[in-house]
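# Structural features, examined
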Amino acid sequence: MSEIRDALGALRTHASHIESLVEGGTVLQDAIPRSVTTALRGASALRPAGEDSWRLHPRLREYLQDHLQLVTPFQSLKEIGQAIASLAWLRDEMDAAARERDQVAFDSLEASTRNTVYDIADATESNVAFLTGMVSLRYGTAKTLAAKLSENRWYERQARALETDLGRLVVRAEDLARHAEAKHWDIGTVIRRVILTRMAGWTGELSEVLTRLRAEVFLLRQVEANLRNLARADAFMAQQPSWRGPEADLPEQIPDVLLATALAHRLRAHVDPQDDFAEVRKDVELIVQSLPPRKVAREPEPPKRMAVVREEQGEPVLDAYAEALHRLKLQVLDAATPISLVQWHAQDAAAAALRPPASTGLRPASWLMLAICALEDRPHRLRGAEIRFQVDLLMNPPQPGRRLATTFRDAMVQVAKQ
């Protein structure tokens, strides 16, 4: 027994290295001194995990995990298949010893069979309890959906393997119990009391675990499919060719121009494709009517200035904003090449000096969008003729990961070709 004491002494002496192997799984060979490696290899505690790393002996790891009650991801159940297969061999050997009237060998084989039966029962009880606890805790070791799905499938395979082993066990145990009772062996009573009477409970608990595992796997597949469809919908909504309404990407220091221009058309904010439905409009009106009145602190209004109406080639000009728009139309009409709206604004001192009323609440970059809407909306009456304008947006490059551009920096205006 000196070898057992030497092995236990080596494990006790180098417990710190064994602890690192239990926590980390594998350790590089260079991280362990050669003397420690020699001692642990002599105690059969180390096994190679590659060309340059060590791992702990599986049985020693299993014992330490059971002792410390550690639950690691993708943990394997206790193996009982080999013990079940050994029951048939033990029965044949007991028959041979009984025929030869070798009572010593028979007692030894009967003791081995009893230990095997108790080991199988203990391992099965531990496996069923572990699976039940893991399902109740919903694991907790997975951090991503893919890891969770893989872990569910792993424990589902473990549970199915245990179910197969239990099917083999009930056949072998029943056969051995009947054979032992026919021979008047005491081991038959042990088998019925330790295994066969508890088989119904094990099978029922395992069936419930498998049902919950299958439900978890199905639910996670649905979640995975929903996330995939959601990602596809997001990509479609962000990059579909029918997308409309680019956003202005201009420096904030550019002042507003043409904000209060009296346009012949009325710009309507696009809220929802279904906001024109009678039912939806009625519900929205009821919701708005039920809201409490909003208190608005109004700024003192400047004294109103009467609009000066002048006639210039038969076209009324209402105010400074309309004048700026009219000058822009005439300059585009007389230009031989397209005109940049941003450059025109920078060169037109009167337009650059305009400031929108604070009560409008419009953003500084809104003037360009309104100018584009005013120019593209309808034919314009200039110098006795109906003129249409063509506006081409200068788009920015697409954002990283996108296929289509969603912002523009300038607009080029020219007279549309008839």
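Look above for the structure.
Throughout what follows, the structure given in this document is the object of discussion. (Residues numbered from 1 in each chain as written. Predicted model: local features only at pLDDT ≥ 70, side-chain atom pairs only at ≥ 80, totals over all residues. Heavy atoms only, no water.)

## What about the overall build of the protein chain?
Spelled out, the test is: Helix numbers and strand numbers start at the N terminus; a helix is a DSSP run of H or I with at least 4 residues, a strand a run of E with at least 2. Throughout this description, buried means an accessible area under 20% of the type-specific maximum (1.4 Å probe, protein chains only), exposed means over 50%, and partly exposed covers the range between. Residue contacts are defined here by distance: any two heavy atoms, one from each residue, within 4.5 Å place the two residues in contact. Note on areas: Shrake-Rupley with a 1.4 Å probe; residue coverage comes only from the protein chains shown.
Across its full length, the protein chain holds 14 helices and eleven strands. With 418 residues in all, the protein chain has 32% of them scored as buried. Considering only intrachain contacts with a sequence separation of at least 6, the fraction spanning at least 24 residues in the protein chain is 68%. Surface summary for the protein chain: the accessible area is close to 27400 Å², and the carbon and sulfur share equals 54%.

## Some thoughts on the sheet that holds strand β3 (residues 53–56)
The condition is simple: Two strands are said to pair when DSSP picks up at least two bridges between them. In this analysis an axis means a line fitted to C-alpha atoms, helices contributing only their contacting stretch, and an angle means the value between N-to-C directions, from 0 to 180 degrees.
Spatially, three strands are ordered β1-β3-β2 in an open sheet, and the strand pairing comes out antiparallel. Unpaired on one side and paired on the other, β1 (26–28) and β2 (46–48) mark the two borders of the sheet. Recorded for the sheet is a direction-independent mean angle of 40° between the axes of neighbouring strands. With three bridges connecting them, β2 and β3 associate as antiparallel partners. Each residue of the ladder has a partner; that of Pro48, found in β3, is Trp54. Contacting β2 and β3, helix α3 (residues 34–42) crosses the sheet at an angle of about 100° to β2.

## So, α3
To keep things clear, this is the line we draw: As used here, the arc belongs to the directions running from the helix axis to the C-beta atoms.
Every buried residue of α3 is accounted for by Val36, Thr37 and Leu40. Taken down its axis, α3 places every buried residue within 100° of arc, on the same side. Exposed residues pointing more than 90 degrees away from the buried face of α3 are listed as Arg34, Ser35, Thr38 and Gly42. Two residues or fewer past α3, Ser44 is found with a positive phi of approximately 60°.

## Thoughts on the side chain of Thr116
Mapping Thr116 onto the fold places it in helix α6 (residues 103–137). Exposure remark for Thr116: the relative accessible area of 14% places this residue in the buried category.

## Digging into helix α5 (residues 81–99)
Our working rule: Take the number of residues in a helix, subtract one, and multiply by 1.5 Å to get its expected span.
With 19 residues, α5 should cover 27 Å at 1.5 Å per step; its first-to-last C-alpha distance of 29 Å lies within 8% of that length. Those residues of α5 that fall on the buried side of the exposure criterion are Gly81, Ile84, Leu87, Leu90, Met94, Asp95 and Ala97. One or two residues past the end of α5 sits Arg101, with phi positive at roughly 55°.

## Some words on the side chain of Thr124
This is how the line gets drawn: Under this definition, polar contacts are N or O atom pairs within 3.5 Å; protein pairs additionally need one hydrogen-donor-capable and one acceptor-capable atom, and for neighbouring residues in sequence, both atoms have to be side-chain atoms.
Tracing the backbone shows Thr124 in helix α6. Thr124 gets classed as buried once you look at its relative accessible area, which sits at 0%. At a separation of 2.8 Å, a polar atom in the side chain of Thr124 contacts the main-chain carbonyl oxygen of Ile120. With residues up to four places along the chain from it excluded, the contact list for Thr124 reads Ile80, Leu166 and Trp202.

None of this, on its own, says anything about what the molecule does.
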